[in-house]
Amino acid sequence: LANILHVSGSEVITKLIALGVMASLNQLIDSDTATLVAAEFGVDVEVRDDSQELEALLEDVPDKPEDLEPRPPVITVMGHVDHGKTSLLDYIRHTNVTATEAGGITQHIGAYQIEVRGKKITFLDTPGHEAFTAMRARGAQVTDIAVLVVAADDGVMPQTVEAINHAKAAGVPIVVAVNKIDKPGANAERVKQQLAEHGIVPEEWGGDNICVPVSAKTGAGIDQLLEMLLLVAEMEELKANPNCPARGTVIEAQLDKGRGPVATVLIQKGTLKVGDIILAGTACGKVRAMQDYKGRRIKKASPGTPVEILGLSEVPEAGDLFYVVKDEKLARQIVEKRQEKKRLSESAGPDKVTLEDLFKQIQEGKVKELNLVVKADVQGSVEALIQALSKLSTDEVRINIIHSGVGAITETDVMLASASNALVIGFNVRPDANAKKTAESQQVEIRLYRVIYEAIDDVKAALEGLLEPIY
Ligand code: GDP
């Protein structure tokens, strides 16, 4: 800045100190501060953000219908703890992967693929809606179909309901695996009834959800479950263009002592090749080597395929989108801009909805739906809140209760709110420590109430632009 202004560095620093900014010579300052300092020297500043022009180069180009080819569905397994998510994933892996490879050992790279009647299915290896929603909060939509595991001897439990709401908020179709049918106390009919109460209605009852009774222990019903996944995939017409520069999402990543940054990425379109220049979050580099989930070295990977890649400059984060770019210089430029932005606004997140500026956002046409997560101390209050809040929907804004439940506000509640641009309303409950921290970092508004009508009045006032600000 001093160079551009034709003054010395210490003169700029003196002005900065006068403005209350304790900066050193090689410190980044934001554009507002730079504008103020320049004005002190009688210079007008025009701020140009060329990072936007660079990011625009990464924008997805729509494909021509004739370029699209079927791709494997990507599946996430969800459900209550101990209902058999891991067992189901393991059973499917062992019977469909290892058995076909003489002495083959599957690698845990965060995802694996199987083949059923010559068609591939990709499974994400981290079960649960927490990982699913954490990815979504970063803007990544990876899962095509959710498999909801419900133990037939236990029935629908709190995390089952959470999983349903998380999958619904993402608009992902749900296939139910009624698990543990080998157990003496198993009652699949009761599970279906309970699911119906939560809006998951089995096909045989005229609903949209396929329910398959399975046992992750004996393997009963699992072939049928896989067939059903292929059927749903076909109905969803999952397609991608394999003949373009690859793009996709980082599934997991870590630093390996010998190999450096290692990332598992899921290809969502295009074909990734060894030697491609890629960019993910604030990491970039040339793909040095690729491995599939069987640990085999491969040279290219097509849509729907998970691969482990080597060659990135640093460890990206799960949920980061990756892109193939045409040259290393461009990749480095974009990464540098991103790193700069990250340093400047470590805490500033995207435009999150808050009650206070809801009305402004409605008027600007930015908000057409108000998504809410509602938590309360007892079921009666949850019901009362849902009923009263739903009634507040207007022609301009629809109120959606995307999740509700009894108990403290948890980190998962906050992540769901973040991924769905929702706010959290708590009645006679508080956020736990992790929820509080996450709400701060994700900029999710949590509103706590002790009187039901106050909560309702606030939302109503916010919808009408009459909410009194709190200071
Ligand atoms: P997760 O927490 O949902 O991943 O559940 P796990 O896969 O760890 O399973 C919890 C327990 O249930 C383990 O002891 C499993 O062996 C058992 N289990 C899982 N599936 C079945 C099943 O189909 N039948 C029976 N009898 N036990 C099962």
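A brief look at the structure comes next. Bear in mind the structure is a predicted one, so any value in this text is a computation, not a measurement.

**Concerning the packing of helix α12 (residues 379–390) against helix α15 (residues 452–464)**
- Across the interface, α12 lies against α15 with an axial gap of 10 Å and an inter-helix angle of 25 degrees. The pairing of α12 with α15 is recorded here as roughly parallel in orientation. Remark: the crossing between α12 and α15 carries right-handed chirality. On α15, the residues touching S381, A384, L385, A388 and L389 of α12 are I452, A455, I456 and V459.
- For the contact of α12 with α15, a count of residues per class yields 8 nonpolar, 1 polar and no charged.

**Concerning the site of the ligand**
- Around the ligand lies a shell of 15 residues, among which D82, T86, S87, D182 and A216 are the nearest.
- Within the side chain of S215, a nitrogen or oxygen atom sits 3.3 Å from an oxygen atom of the ligand.
- Taking A216, its main chain carries an N or O atom lying 2.8 Å from an oxygen atom of the ligand.
- If the ligand stood free it would expose 590 Å²; the protein chains cover 71% of that surface.
- The element best represented in the shell around the ligand is helix α5 (residues 85–96), accounting for 3 residues.
- Across the shell around the ligand, the residue classes tally to 2 nonpolar, 7 polar and 6 charged.

**Quick notes on the pairing of strand β9 (residues 247–256)**
- Bridge count for β9 against strand β10 (residues 260–269) is 9 bridges, and the pairing is antiparallel. Residue Q254 lies in a different strand from β10, and its bridge partner there is V262.
- Count of turn residues in the β9/β10 antiparallel hairpin: 3 residues.
- Both β9 and strand β17 (residues 321–325) contribute to a ladder of 3 bridges, which runs antiparallel. Considered in β17, the bridge of T249 is made with L321.

**Some remarks on the environment of D153**
- Residue position: D153 is located in the loop between β5 (145–151) and α7 (158–170).
- You can call D153 partly exposed: its relative accessible area is 28%.
- Placed 34 residues apart in sequence, D153 and N187 show a C-alpha to C-alpha distance of 6.1 Å.
- If sequence neighbours within four positions are ignored, D153 has contacts with K180, K183, G185, A186 and R190.
- A distance of 3.1 Å separates the side chain of D153 from the side chain of K183, its partner in a polar contact.

**Concerning the side chain of S420**
- With respect to the helices, strands and loops of the structure, S420 is situated in the loop between α13 (411–419) and β20 (422–427).
- Excluding its chain neighbours within four sequence positions, the residues that come into contact with S420 are R136, A169, N371 and I402.

**So, helix α2 (residues 9–18)**
- If you check which residues of α2 are buried, you get V12, I13 and L16. Considered in projection along α2, the buried side chains sweep an arc of 100 degrees and stay on one side of the axis. When the buried face of α2 is taken as reference, the exposed residues oriented beyond 90 degrees from it are T14 and A18.
- Buried residues along α2 sit in contact with α1 (2–5) and α3 (31–40).
- In the stretch just after α2, G20 is the one whose phi turns positive, near 85 degrees.

**Regarding α3**
- Within α3, the full set of buried residues consists of T33, A34, V37 and A38. Each buried residue of α3 sits inside an arc of 135 degrees when the element is viewed along its axis, so together they form one side.
- Its buried side turned inward, α3 meets α1 and α2.
- Taken from the residues just after α3, G42 is the one with a positive phi, measuring 75 degrees.

**Some details on a nonpolar patch on the surface**
- A contiguous nonpolar patch, built from V43, V45 and V47 and spanning about 210 Å² of accessible area, is present on the exposed surface.
- Locating V47 in the fold gives a position in the loop between α3 and α4 (50–56).
- The exposure class assigned to V47 is partly exposed, which follows from its relative accessible area of 49%.

**Thoughts on the sheet that holds strand β3 (residues 111–116)**
- Overall, mixed pairing links the 6 strands, which are arranged β3-β4-β2-β5-β6-β7 in an open sheet. A single partner strand is all that each edge strand has here, and the edge strands are β3 and β7 (211–213). The sheet shows a mean angle of 30 degrees between the axes of neighbouring strands, taken without regard to direction.
- The pairing of strand β2 (residues 74–79) with strand β4 (residues 119–124) spans 2 bridges and is parallel. The partner of V74 across the bridge, within β4, is T122.

**A closer look at the nonpolar core**
- Ranked by size, the top nonpolar core spans 29 residues in total, and within it L88, I121, F123, L226 and L229 carry the most contacts.
- Those elements giving two or more residues to this core turn out to be β2, α5, β3, β4, β5, β6 (174–179) and α9 (222–236).
- Ranked by residue count, the leading element in this core is α9, at 7 residues.
- Once residues lying within four places of it in the same chain are set aside, the contact partners of L229 are I75, I121, F123, I145, V147 and V175.

**Some details on the packing of helix α6 (residues 129–137) against α13**
- At a minimum axis separation of 8 Å, α6 and α13 run at an interaxial angle of 35 degrees. α6 and α13 meet at a crossing whose hand is left-handed. Seen from α6, the contacting residues are H129, E130, T133, A134, R136 and A137; seen from α13, they are T412, M415, L416, S418 and A419.
- Tallied by class, residues from the contact of α6 with α13 come to 5 nonpolar, 4 polar and 2 charged.

**Some details on the pairing of β5**
- Of all 7 residues in β5, 7 are buried; the element is thus mostly enclosed.
- Neither face of β5 is open: one carries I145, V147, V149 and A151, the other A146, L148 and V150, and all of them are buried.
- Here 6 bridges tie β5 to β6, and the two strands are oriented parallel to one another. Among the inter-strand pairings, A146 is bridged to a residue of β6, identified as I174.

So, how was this worked out
Once a new chain begins, its residue numbering starts again from 1 and follows that chain's sequence as written. Confidence filtering applies because this is a predicted model: local features only for residues at pLDDT of at least 70, side-chain atom pairs given and counted only at 80 or more, and all residues used for totals across whole chains, interfaces and linings. Note: side-chain values were computed over all heavy atoms of the structure, leaving out hydrogens and water. For helices, the axis comes from a line fit to the C-alpha atoms of the stretch in contact; other axes are also lines fit to C-alpha atoms, and the angle between any two N-to-C directions lies between 0 and 180 degrees. Numbering goes from the N terminus for both helices and strands, where a helix is a DSSP run of H or I of at least four residues and a strand is a run of E of at least two. Oblique is the label for any angle not covered by the other classes, which are roughly parallel (under 35 degrees), roughly antiparallel (over 145) and roughly perpendicular (65 to 115). By definition, any crossing whose near helix is turned counterclockwise from its far helix by less than a right angle is left-handed, and any crossing with a clockwise turn is right-handed. Contacts: residue pairs with any heavy atoms within 4.5 Å of one another. Any residue that is not Ala, Val, Leu, Ile, Met, Phe, Trp, Tyr, Cys, Pro, Asp, Glu, Lys or Arg is counted as polar, Gly included; the first ten are nonpolar and the last four charged. In this text, near means that some heavy atom of the residue lies within 4 Å of the molecule or strand in question. N or O atoms closer than or at 3.5 Å make up a polar contact, with two conditions inside protein: a donor-capable atom paired with an acceptor-capable one, and, for residues adjacent in sequence, both atoms drawn from side chains. Note that accessible areas follow from Shrake-Rupley with a 1.4 Å probe, and for residues the cover is restricted to the protein chains shown. Strand pairing follows a simple DSSP-based rule, namely that at least 2 bridges must link the two strands. Exposure is judged per residue with a 1.4 Å probe applied to protein chains only, and the accessible area is read against the type maximum: over 50% gives exposed, under 20% gives buried, and values in between give partly exposed. As used here, the arc belongs to the directions running from the helix axis to the C-beta atoms. To count toward a patch, a residue needs a relative accessible area over 30% and no salt bridge; like charges are then connected within 9 Å, while nonpolar side chains (Val, Leu, Ile, Met, Phe, Trp, Tyr) are connected within 5 Å. The term salt bridge refers to a side-chain nitrogen of Lys or Arg lying within 4 Å of a carboxyl oxygen of Asp or Glu. Nonpolar cores are built from buried Ala, Val, Leu, Ile, Met, Phe, Trp, Tyr and Cys residues. Side-chain atoms within 4.5 Å join them into one set.

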